[in-house]
Amino acid sequence: MLKTRNIFIDTQVFVANNFFQNKNLHRLAEFGNMRTVNLYITEITKNEIESNIKENLTTAQEEINRFKQQIANKGKIIKNIEAFKAYLDLPKLDINLSYNQLSHDLESFIENGKVVTIPYELANIQDVVNKYFNQEPPFSQGKKKYEFPDAIVLSAIENWCKQQCTEIYVISDDKDFQDYISPKIIPIANLKLMLEKINRQYNTDEIVWIHAVYKYNHSRIEQVIKEAFSEKLVDEIGFDIEISNVNIEEIFLHEPSLVEDTKSAEYIFQLDYDIIFTAEISYDDYTHASYDSEDDKYYFARRTNTTIKLSTSQTAEISVEAYFEDGETASNTQAEISCLYTSIPREDKITDELEGYLFQF
């Protein structure tokens, strides 16, 4: 059950959810729009979000330019192949235009979610300074000056709660926020856990039932995640290495969170899972290759095939389509199970793991 309908959203939530690409922020905004919950940020938080958007766009621009330069120097041959034209003609990233778009998305989120700004002037600066010198949360050794914005935000939230005689959830995976102790502030680690709490607040019998349906179909959910993970790994990994014949040896699903009840017999769960798999990997081995500085390329690289075993932790989103009827048990419920999304390891992560794996032998 919700202890309060008040929810503060930290900057880290926007960054962790890739700003507005992830549906969870939109799901939270819908609850805010319906006044199911009351959403809050501070002006400092908004400025931090905008600063992170600029920083991420700058990093993206640097990576795109680096990729285009690598293709121009080392992949000239693919200019002869029409299928690779899209890689060669990547559009220039206009940081200002892209920033304006994402900034507009932020304003739309605030408007649609009816997000209220807590004045940071409510912060008790004397209290913040005392915490700084006493090294009390959110201050810690090593990066004190960077923690002042967090300290001011937390102080403002706490004093706002005192004025309103209420409590507030603070969504953040930031350790400084998690360690902050206040009778008015209830820390919650991530957005999907918050959405689970909101969904459990209403239609209690239905929520209990759909969790039971999920649990009853645990083996089917494991299977659709395995299939989605293997398919995505083969299809999307393939720049420096190629993957085939993926075999899932073990999979462990962590507790799911119900992040969306669509009111149309579809329930969306999100969960983390641990997976161990083997796969055949084909890659260019440069161990005995020679580098020609004039041509800026390696010669005599040998295409190598090997089988490796890797373990990783990923995130999945599961759709459970089922119709709720009073008194119906999970075992009698006909449910359609599908995996809407799963993350996979980045290719550079697999490459690093591959190098470490080969180094052992």
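Quick caveat: nothing in here was measured; it's all calculated off a predicted structure.

Engineer: Looking at this model, I keep getting lost on the overall build of the protein. Mind explaining?
Structural biologist: Helix and strand counts for the protein stand at 12 helices and 12 strands. Across the 361 residues that make up the protein, the buried fraction comes to 42%. Restricting the contact set of the protein to residue pairs at least 6 apart, pairs at least 24 apart contribute 72%. Carbon and sulfur atoms provide 48% of the accessible area of the protein, an area that totals close to 20600 Å².

Engineer: Before we go on, may I ask you to explain unusual backbone geometry in this structure?
Structural biologist: Peptide bonds are, in most cases, trans, and in most cases residues other than glycine have a negative phi. In this structure, N18 is a non-glycine residue whose phi angle is positive, near 50°. As for its placement among the helices and strands, N18 is situated in the loop between α1 (11-16) and α2 (23-33). The residue R35 is not glycine, and still its phi comes out positive at about 65°. Among the structural elements, R35 can be located in the loop between α2 and β2 (38-42). R35 gets classed as partly exposed once you look at its relative accessible area, which sits at 42%.

Engineer: For this particular structure, what's the right way to read the pattern of salt bridges?
Structural biologist: Opposite charge on two side chains makes pairing possible when the charged atoms of those side chains draw close. One pass over the full model with this rule turns up 7 salt bridges. Here R27 makes a salt bridge to E317, at a shortest N to O gap of 3.4 Å. Of this pair, R27 sits in helix α2 while E317 sits in strand β11 (residues 302-321), and the two are 290 residues apart along the sequence. Pair check on accessibility: R27 and E317 agree, each one buried. In this structure, the salt-bridge partner of K309 is E249, at a minimum N-O distance of 3.2 Å. Linking K309 in strand β11 with E249 in strand β6 (residues 241-253), this pair joins segments that are 60 residues apart in sequence. Among the residues examined, K309 registers a relative accessible area of 46% and is labelled partly exposed. Three or more residues joined by partner-sharing salt bridges are found here, namely R27, E260 and E317.

Engineer: In this structure, what is going on with the layout of surface pockets? I would like to understand it.
Structural biologist: Space left empty within the atom packing is revealed by a probe, the size of a water molecule, rolled over the atoms. Volume-wise, the second largest pocket comes out at about 680 Å³. What lines the second largest pocket is a set of 22 residues, and nearest its centre among them are N17, N22, N24, Q270 and T315. For the lining of the second largest pocket, the secondary structure elements donating two or more residues are α1, α2, α9 (191-201), β8 (266-285), β11 and β12 (336-342). Tallied by class, residues from the lining of the second largest pocket come to 7 nonpolar, 10 polar and 5 charged.

Engineer: Please clarify how the environment of P256 should be interpreted in this entry.
Structural biologist: Inspection of the secondary structure assignment puts P256 in the loop between β6 and β7 (257-261). You can call P256 buried: its relative accessible area is 12%. As a C-alpha pair, P256 and E196 span 60 residues in sequence and 8.8 Å in three-dimensional space. For P256, the residues in contact, after removing those within four places along its chain, are E196, H211, Y214, F269, Q270 and L271.

Engineer: What is the right way to read the packing of aromatic side chains from this model?
Structural biologist: The geometry of two aromatic rings is summed up by the distance between their centres and the angle between their planes. Going through the model one piece at a time under the given rule, you end up with 9 aromatic pairs. Look at F14 and F109: their rings are 5.5 Å apart centre to centre, the planes differ by 85°, and that puts the pair in the edge-to-face class. Linking F14 in helix α1 with F109 in helix α5 (residues 95-112), this pair joins segments that are 95 residues apart in sequence. In this pair, the class of F14 matches that of F109, namely buried. When the ring of F229 is compared with that of Y273, the centres are 6.5 Å apart and the planes differ by 85°; the resulting orientation is edge-to-face. Separated by 44 residues along the polypeptide, F229 in helix α11 (residues 218-236) and Y273 in strand β8 bring together distant segments of the chain.

The rules behind each value
The written sequence of each chain sets the order in which its residues are numbered from 1. Note on the predicted model: pLDDT of at least 70 is required for a residue's local features to be given, and 80 or more for side-chain atom pairs to be given and counted; whole-chain, interface and lining totals, by contrast, use all residues. Side-chain numbers here rest on the full set of heavy atoms in the structure, without hydrogens or water. Strands here mean DSSP runs of E at least two residues long; helices mean DSSP runs of H or I at least four residues long; both are numbered from the N terminus. Only protein chains enter the calculation, and the probe is 1.4 Å; a residue is then buried if its accessible area is under 20% of its type maximum, exposed if over 50%, and partly exposed in between. It only takes one pair of heavy atoms within 4.5 Å for two residues to be counted as in contact. Note on areas: these come from Shrake-Rupley sampling with a 1.4 Å probe, and a residue is covered only by the protein chains present in the view. Only one rule defines a salt bridge in this text: a Lys or Arg side-chain nitrogen within 4 Å of an Asp or Glu carboxyl oxygen. Cavities and pockets are defined on a 1 Å grid built over the protein atoms alone: a cavity is a set of grid points where a 1.4 Å probe fits but cannot escape, while a pocket is an open set with protein on both sides within 12 Å along at least five of seven lines, and lining residues are those with an atom within 4 Å of any such point. Grid points are joined across faces, edges and corners, and a volume is the space filled by probe spheres set on the points. Amino acid classes used here: Ala, Val, Leu, Ile, Met, Phe, Trp, Tyr, Cys and Pro are nonpolar; Asp, Glu, Lys and Arg are charged; the rest, including Gly, are polar. We call Phe, Tyr and Trp rings a pair once their centres come within 6.5 Å, taking the six-membered ring for Trp, and we label the pair stacked below 30 degrees between planes, edge-to-face above 60, and tilted otherwise.

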